[in-house]
Amino acid sequence: MELVAYLRCKLRFVEGIEILHSVLKGDHHWYLLKENDTVVICLDLIKEGLTGTEIGWAYNVVDQSKSGVYDCPPSYFEKSSAKNSQEIAWREKVLQYWGEKEKIKKQLVCDAKSEK
């Protein structure tokens, strides 16, 4: 996908900003950006839409804590720091999201074993 290659390209950012890691989860492109000694979690929301006169793909850079999206890799928390109570609350929701996914996964495994 050309858009993802662009989103991961360091030429997208000004000099001195580096992408440390990125992951694509459906239409959510999560990445860690480093500038000097600061590392932040970033999110691009990818969607199909109109670009000029053609149908194509577009993206929107969203503040992590205001996104309402919680599938960020929790491993990103170790490399970045929360700056305010809003970001801390968002991180708690991310951990809840992954906890719920793990519960569902365990239940599916348990159900599959009991069917045998």
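This text gives an overview of the structure that appears in the document. (Residues numbered from 1 in each chain as written. Predicted model: local features only at pLDDT ≥ 70, side-chain atom pairs only at ≥ 80, totals over all residues. Heavy atoms only, no water.)

So, the overall build of the protein
(1) Moving on: Of regular secondary structure, the protein possesses three helices and four strands.
(2) Moving on: Along its sequence from the N terminus, the protein presents helices and strands in the succession α-β-β-β-β-α-α.
(3) Moving on: Within the protein, counting contacts between residues at least 6 apart in sequence, those at least 24 apart form 34% of the total. (Helix = DSSP H or I, 4+ residues; strand = E, 2+ residues; numbered from the N terminus. Contact = heavy atoms within 4.5 Å.)

Quick look at the pattern of salt bridges
(1) Moving on: Across all of its chains, the model carries two salt bridges by this definition.
(2) Moving on: Of the charged contacts, one joins Arg12 and Asp44 as a salt bridge, the two residues approaching to 2.9 Å between their closest N and O atoms. Of this pair, Arg12 sits in the loop between helix H1 (2–7) and strand S1 (17–25) while Asp44 sits in strand S3 (residues 38–51), and the two are 32 residues apart along the sequence.
(3) Moving on: Taking relative accessible area as the criterion, Arg12 reaches 16% and is therefore assigned buried.
(4) Moving on: Between Glu100 and Lys103 there is a salt bridge whose closest N-O contact spans 3.4 Å. Note that Glu100 and Lys103 are positioned in helix H3 (residues 85–115) at a spacing of three residues, about one turn of the helix.
(5) Moving on: A relative accessible area of 43% places Glu100 in the partly exposed class.
(6) Moving on: On the accessibility criterion, Lys103 (55% relative accessible area) is exposed. (Salt bridge = Lys/Arg side-chain N within 4 Å of Asp/Glu carboxyl O. Buried < 20%, exposed > 50% of the residue type's maximum accessible area, 1.4 Å probe, protein only.)

A look at unusual backbone geometry
(1) Moving on: One non-glycine residue, Asn36, lies in the positive phi region at around 55°.
(2) Moving on: Within the fold, Asn36 resides in the loop between strand S2 (28–35) and S3.

Quick notes on the pairing of S2
(1) Moving on: Judged by how many residues are buried, S2 sits mostly within the fold: six of eight residues are covered.
(2) Moving on: The sheet contact formed by S1 and S2 spans eight bridges and is antiparallel. Following the sheet pairing, Val23 is matched in S2 by Trp30.
(3) Moving on: A loop of two residues connects S1 with S2, the two strands running antiparallel in sequence, and Gly26 in this loop sits at a positive phi of about 65°. (Pairing = 2+ DSSP bridges.)

Some points on the nonpolar core
(1) Moving on: Trp30, Leu32, Val39, Ile41, Leu43, Val62, Val69, Cys72, Tyr76, Phe77, Trp90 and Val94 together form the largest nonpolar core, which totals 12 residues.
(2) Moving on: Contributions of two or more residues to this core are made by S2, S3, helix H2 (76–79) and H3.
(3) Moving on: For Leu32, the contacting residues outside a window of four places in its chain are Glu18, Ile19, Leu20, His21, Val39, Val40, Ile41, Tyr76, Lys79 and Ser80.
(4) Moving on: Listed in part, the six residues of the second largest apolar core include Phe13, Ile17, Ile19 and Cys42. (Core = buried A, V, L, I, M, F, W, Y, C linked by side-chain atoms within 4.5 Å.)

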